[in-house]
Amino acid sequence: MFGKGILKGFSVTLRHIWRTYWDDLRRGRKRYNTEEGIEYRRSADVEGLFTVKYPEEKLPTPEEFRYIPFLVYDEKEDGSEQIRCTSCGICAKVCPPQCIWIYQTTDPETGRPRPEPMEFYIDIDICMNCGYCAEYCPFDAIKMDHDYEIASYDRKEAHLFDLEHLMKPASYYAEIRPENYAREEAIRQEKEAKKAAAAKRKAERAAKADADSE
Amino acid sequence: MSETTTTLPSELVKRFPQKVKADERDGYEGYLVSSKDLVEVATALRDELGYDYLSSVTAVDYIDDNMMEVVYHFYKSTGGRELTLSVQVSRDKAEVPTLYEVFPSADFQEREVWDLLGVKFTGHPDLRRILMWEGFEGHPLRKDYKEAFYQEDTKPFSNRWPEGEIYRAEDKNPFGKNVVYPKGFSSPEGVDPEVDAEMYGDLRDLAGAHVDDDGLATDFVTVNMGPQHPSTHGVFRMGVVLDGEIIVALKPVMGYLHRNHEKIGERNTYLGNMPFTDRLDYLSSMANNFSYAVAVEKMLGDKVKVPERAEYLRVIMAELTRISNHIWAIGFLLNDLGAYFTPTLYATEERELILDIFEATAGSRMMCNYFRFGGVSRDIPEEYFVKLKRLVHERLPRKVDDLDRYLTDNEIIKERCQGVGVLTPDEAIAYGASGPVLRASGVPYDIRRAEPYGIYDRFDFDVSVGYHGDTYDRYLVRMFEVRQSLKILEQAVRDIPEGPVILKNPYNVRVPAGEAYGRTEAPKGELGFYLVSDGTANPFRYHIRSPSFINITALEKMCVGGKIADAVAVLGSIDIVLGEVDR
C-alpha cells in the first residue's frame, strides 16, 4: 500500500515524542538541573530529550579531556613556588603548529643555562590542543587544562599566555586529573625512594671504607 | 625492500621490456616509464593486466636532481597490492601526456598536480587551477615556493627555543602585502570577466539559445550553486547549465577551504602531522589517523610493532567512526531531500554517545589525535569500556533498527532516490569512485577485504554492495555497513586482550628513505597517504588521496540529464566533507 512506509516512519517520530513526555513525567524534577539528570542524558539508556542546557547545566569533562596547556608548579612547605619546567624545549620542538616560545634562563655568573624558563609563551590562537607537549614532557611539567571557557574581547594580548598566566599549582592538576596525578606521583616517589636508598648505600659504603682505612 | 621487488608482478616488465624498468632506488618499489610511453603502458595495464583502477595521481619535486616525478598508483578492482608507475621529467619543462582518456579518474587529480606542482598534462581538456584561485602566482607545492608567512623549511623553528623570540607573523607581513599576483593581473577587485568565464570552463560554450525537440527555441541558463548554499555541505560550488529543470552540464568549483595541507605536512615532523590529519575529514578523525599511521608504519617496517590491544583499539575506534559518519551522512541526505533535521538530529544522538567515548579515551571529541606510530596514545578507561559495550550490544543496534524503520520504506525517499544519480560499475571504477559510492554501484571492493590492514583479516563481516548505483542504493549500502561495523565491534570488544597499547613512543620519529603508499577504508572511501622520505625527520613529500575529492569526479556524470533538485540529493549521497576535498 502506498504510504505504509511513511506511516511506519511517523510511528517512530511519534514514539519519540511520547517517550520524551513519558520520561519527563516518570523522572520528574530529577531529570533537569541535577548531576544525576545530566549523567542520565549522556547514558545509553536515555530516551527523549538529549540536550544539556548550557551554561546552566554543564557536561562533566572526562579526565583525559584536553584544552590549552598550563605549567605545573609545586608548592613548597615554605610557601615558595617551584616550577617543574626545566626549559629543556621538548614541548617546543614537538609542538605541531609551533605555538610555544621558551627563553632559557642563563646564570648571570657562569653564563651556563639554568634548568628553568625565564620566559614561556603560548599563543593560544595557534595552539591546536593536540596534547603532545603534555604527552612528551619528561618532567610532568606541562599539562593540558580542562578550562574551555576562555572567550575574550581582545584577540591580541589576551591570547598570548605568558609564564604568569600559564602557571597553575600541582594541587589544581591533581584535582582535574586525579588518576594521572596519582600514577605520576607513585612513579616519582618510587624514584625518589630509590635515589635515597642509593645515597644511603653510598654513604654507608663510604663510612665503611673510612672505618677500614682507619 | 629488494626482496619485495622480485615478488611483485613482473608481467609489466615482461610485456614492455624496453619501455618499463623497475625502480631501483633504495626504498622504492615501483616501475619507471618514459612520458612518451605512458599512455600505451597505462592502457595495457588496464586492458591486459587487470589494473583497472587508477587510485592516485601525484607528483614529487626532486629539486636537487632538477626532476619532477609524476607518480601513479594502480590497483586491480578485484583486490591486491598496488602497482606504482612513475614518470620522470625535467623540472623546467614538466610535461606529461594526460591519462584522462584512459582513466577519467585522473581528471581532477591531474588538475591538482598542475595547480600545485606545475606539471602540464598535455591533452587534458580542461587543465585549469582547481584548488588555488585564478589570480594565484606560482605552484605552491614546488620545493622552491615559499608561502606568505614563510619562516623556515622545516619544523621545529629555531626561534622557539632556547631563545624564544615571540612575534606574530601577520605583524611582520600584514595582510595585503603578502600576496603576489601573476603578470597582468591587477588585483582581485579588477577581475577580468574573461577569468570568470574561464572558471566555468566548457560551460561557456553551452550557454546560449538552442532549439529543442519540439522546435521551441530556448535559452540555457547558467546557475551558480554555492559556495554559500545550505545543500552543498560547506563551501562547495557547482556551476550548472540548465535546460529548464534538466542539467545539461555541471562543473564543481572547489578550493574555498584550501590551506595547502600538504605543504604544511612537508614542513612538519612525521609525528606533527598526526593532529593535522584530524582536520581533513573532521567528522571521522580516527579514520584519518589510522590511515596515516598505516602509511608511516609501512615505511618503518620492522622497526615498529603494534601491540595486540592497540590493534583492537584501532579497529574499535575506526568502526565507531564509521558508524557515526554513516548515520550522520544518512541524516544529512534526508536534510537534502527536505526532511528538515529530524533524521539528522536522531543521528546526532548516537553520534554524541560515540563522541563521549572518543573524548574520554583520546581527550577530544572531534580532533582525536589518538593514533601513534606503533600503537595508540592511551588506553580506554574502564568505565567507558563498559559504556562502549552497552552501546555496541544494546543501544546502537536498537537505534539503527529505528532509523531503518523510520526511513528505508518511506515512499517519498524511494521516489526521490531510486534511479537518481545512477553510476554503472564500469563508470564507478573508471572515475575512481571509492567507498560506499563504489560499492553501491555493484563493485564489492572494500579495502578491509581487498588488501587487509591492521587486523581486519580476523573479523567476520560482509562487504556491503548495491546493484543499482543510484542514490537509494548508496543510502542502503551505508545502512548495511553500519550493521556490519556493529558486527565487527561485537567481535572486537569480545576478543580484545589486556596489555600495553604502545611499546615505544618517541617524539622524534625518523623514517628510512623511500616511498610508501598506505591506504585504509575510511568511512567515505579509500583514504591514502603517499609519503616520500629522504631520511630526515620531516617528510619530503606528503600527499593525501582523499576520497571526497576523487568521488566528486563522477558528480557530473551522475547529475547530467537529471533535475537540478536531484543534484542536491546526489551530492548528499556521495557524502563529502570540504575539509577533505579542499585540503
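Above this note sits the structure.
Residues numbered from 1 in each chain as written. Chains lettered and ligands numbered in written order. Predicted model: local features only at pLDDT ≥ 70, side-chain atom pairs only at ≥ 80, totals over all residues. Heavy atoms only, no water.

Engineer: What am I meant to see in the overall build of chain A here?
Structural biologist: Along chain A, the regular secondary structure elements total 7 helices and 7 strands. Listing the helices and strands of chain A from first to last along the sequence gives α-α-β-β-α-β-β-α-β-β-α-β-α-α. In terms of overall size, chain A is more extended than a compact globule, its C-alpha atoms giving a radius of gyration of 27 Å where 214 residues would be expected to give roughly 17 Å. The principal-axis extents of the C-alpha atoms in chain A amount to approximately 105 × 45 × 35 Å. (Helix = DSSP H or I, 4+ residues; strand = E, 2+ residues; numbered from the N terminus. Rg over C-alpha atoms; globule rule 2.2 N^0.38 Å.)

Engineer: Got a minute to help me understand the interface of chain B and chain A in this structure?
Structural biologist: Size of an interface: often given as the accessible area lost when the parts come together. With 56 residues of chain B in contact, the opposing surface of chain A contributes 52 residues. Between chain B and chain A, a total of about 4,900 Å² is buried, with carbon and sulfur atoms accounting for 52% of that surface. For chain B, the biggest contributors to the area lost against chain A are R160(B), W161(B) and R168(B); these three give 15% of the whole. In this structure, K399(B) engages E47(A) in a salt bridge whose closest nitrogen and oxygen atoms are separated by 3.5 Å. No other element matches the 10 residues that helix α12 (residues 342–362) of chain B contributes to the side of chain B that touches chain A. Residue classes in the side of chain B that touches chain A are distributed as 21 nonpolar, 12 polar and 23 charged. (Contact = heavy atoms within 4.5 Å. Buried area = accessible area lost by both parts, 1.4 Å probe. Salt bridge = Lys/Arg side-chain N within 4 Å of Asp/Glu carboxyl O. Nonpolar A, V, L, I, M, F, W, Y, C, P; charged D, E, K, R; others polar.)

Engineer: Explanation requested: the side chain of R365(B) in the structure shown.
Structural biologist: Counting through the fold element by element, R365(B) comes out in the loop between α12 and β15 (371–372). Within the structure, the side chain of R365(B) is placed 2.9 Å from the side chain of D356(B), a separation counted as a polar contact. (Polar contact = N/O pair within 3.5 Å; in protein donor to acceptor, adjacent residues only side chain to side chain.)

Engineer: Can you help me understand the pattern of salt bridges in this one?
Structural biologist: Oppositely charged side chains can pair when the atoms bearing their charge come close. All names here are of chain B. What the rule picks out here adds up to 77 salt bridges over all chains. Of the charged contacts in the structure, one is a salt bridge between R267 and E147, with a shortest N-O distance of 2.7 Å. Here R267, found in helix α8 (residues 261–267), pairs with E147, found in the loop between β7 (120–122) and α5 (169–172); they are 120 residues apart in sequence, far enough to count as distant. For R267, a relative accessible area of 9% translates into the label buried. For E147, a relative accessible area of 27% gives the class partly exposed. (Buried < 20%, exposed > 50% of the residue type's maximum accessible area, 1.4 Å probe, protein only.)

Engineer: Where do I start with the nonpolar core in this structure?
Structural biologist: General note: in soluble globular proteins, nonpolar side chains tend to be found buried as a group. One finds Y72(B), F74(B) and L85(B) to be the most contacted residues of the largest nonpolar core, which totals 182 residues. Those residues in contact with L85(B) that sit more than four places away from it in its chain are L12(B), Y31(B), V33(B), L38(B), V41(B), L45(B), V70(B), V71(B), Y72(B) and F74(B). Core analysis: the second largest hydrophobic core is formed by 23 residues, C85(A), I122(A), M144(A) and L166(A) among them. (Core = buried A, V, L, I, M, F, W, Y, C linked by side-chain atoms within 4.5 Å.)

Engineer: In this structure, what is going on with the sheet that holds strand β17 (residues 514–522) of chain B? I would like to understand it.
Structural biologist: Each strand in a sheet pairs with another by means of backbone hydrogen bonds, the pair being arranged parallel or else antiparallel. Residues and elements named next belong to chain B. If you walk across this open sheet you meet the 3 strands as β17-β18-β19, and the pairing is antiparallel. Looking at strand neighbours, the two that pair on one side only are β17 and β19 (541–545), the edges of this open sheet. When strand polarity is set aside, the average angle formed by the axes of neighbouring strands in this sheet is 15°. Inspection of the sheet shows β17 paired to strand β18 (residues 525–533) by 9 bridges, in the antiparallel sense. What sits directly across from R519, in β18, is G528. The sheet contacts of helix α10 (residues 285–300) involve β17, β18 and β19, and relative to β17 the element is tilted by about 150°. (Pairing = 2+ DSSP bridges. Axes fitted to C-alpha atoms, helices over the stretch in contact; angles between N-to-C directions.)

Engineer: What exactly am I supposed to notice about the packing of aromatic side chains here?
Structural biologist: For any two aromatic rings, the description comes down to two numbers: the centre-to-centre distance and the angle of the planes. Residues and elements named next belong to chain B. For the structure shown, the criterion picks out 28 aromatic pairs over all chains. Plain terms: the ring middles of F136 and Y145 are 6.0 Å apart, the flat faces sit at 40° to each other, and that makes the pair tilted. F136 sits in the buried class, given a relative accessible area of 13%. Of the residues examined, Y145 reaches a relative accessible area of 22% and is grouped as partly exposed. Of the aromatic side chains, those joined through ring pairs into one cluster are F290, Y312, Y370, F371, Y453, Y456 and F459. Taking NZ or CZ as reference, R449 lies 4.3 Å from the ring centre of F461, over its face. (Phe/Tyr/Trp six-rings, centres within 6.5 Å; stacked < 30°, edge-to-face > 60°. Lys NZ or Arg CZ within 6 Å of the ring centre and 35° of its normal.)

Engineer: What exactly am I supposed to notice about helix α1 (residues 4–27) of chain A here?
Structural biologist: Note that an α-helix has 3.6 residues per turn; residues three or four places apart therefore point the same way. Given a rise of 1.5 Å per residue, 24 residues ought to cover 34 Å, and the 34 Å separating the end C-alpha atoms of α1(A) matches this to within 8%. Every buried residue of α1(A) is accounted for by G5(A), I6(A), G9(A), V12(A), T13(A), H16(A), T20(A) and D23(A). Where α1(A) is buried, its residues meet α2 (35–41) of chain A together with α12, α13 (382–407) and α14 (411–417) of chain B. After α1(A) finishes, the residue G28(A) shows a positive phi value of roughly 60°. (Expected span 1.5 Å × (residues − 1).)

Engineer: Help me understand the packing of helix α11 (residues 308–337) of chain B against α12(B) in this model?
Structural biologist: When two helices pack together, their arrangement is given by the angle between the helix axes and the distance between those axes. All names here are of chain B. Relative to each other, α11 and α12 sit at 160°, their axes nearing to 8 Å. On the basis of the axis angle, α11 is roughly antiparallel to α12. Crossing handedness for the pair α11 and α12: left-handed. Of the residues in α12, those in contact with M317, L320, T321, I323, S324, I327, W328, G331, F332, L334 and N335 of α11 are P343, T344, A347, T348, E350, R351, I354, I357, F358 and T361. (Parallel < 35°, antiparallel > 145°, perpendicular 65-115°, else oblique. Left-handed = near helix turned anticlockwise from the far one by under 90°.)

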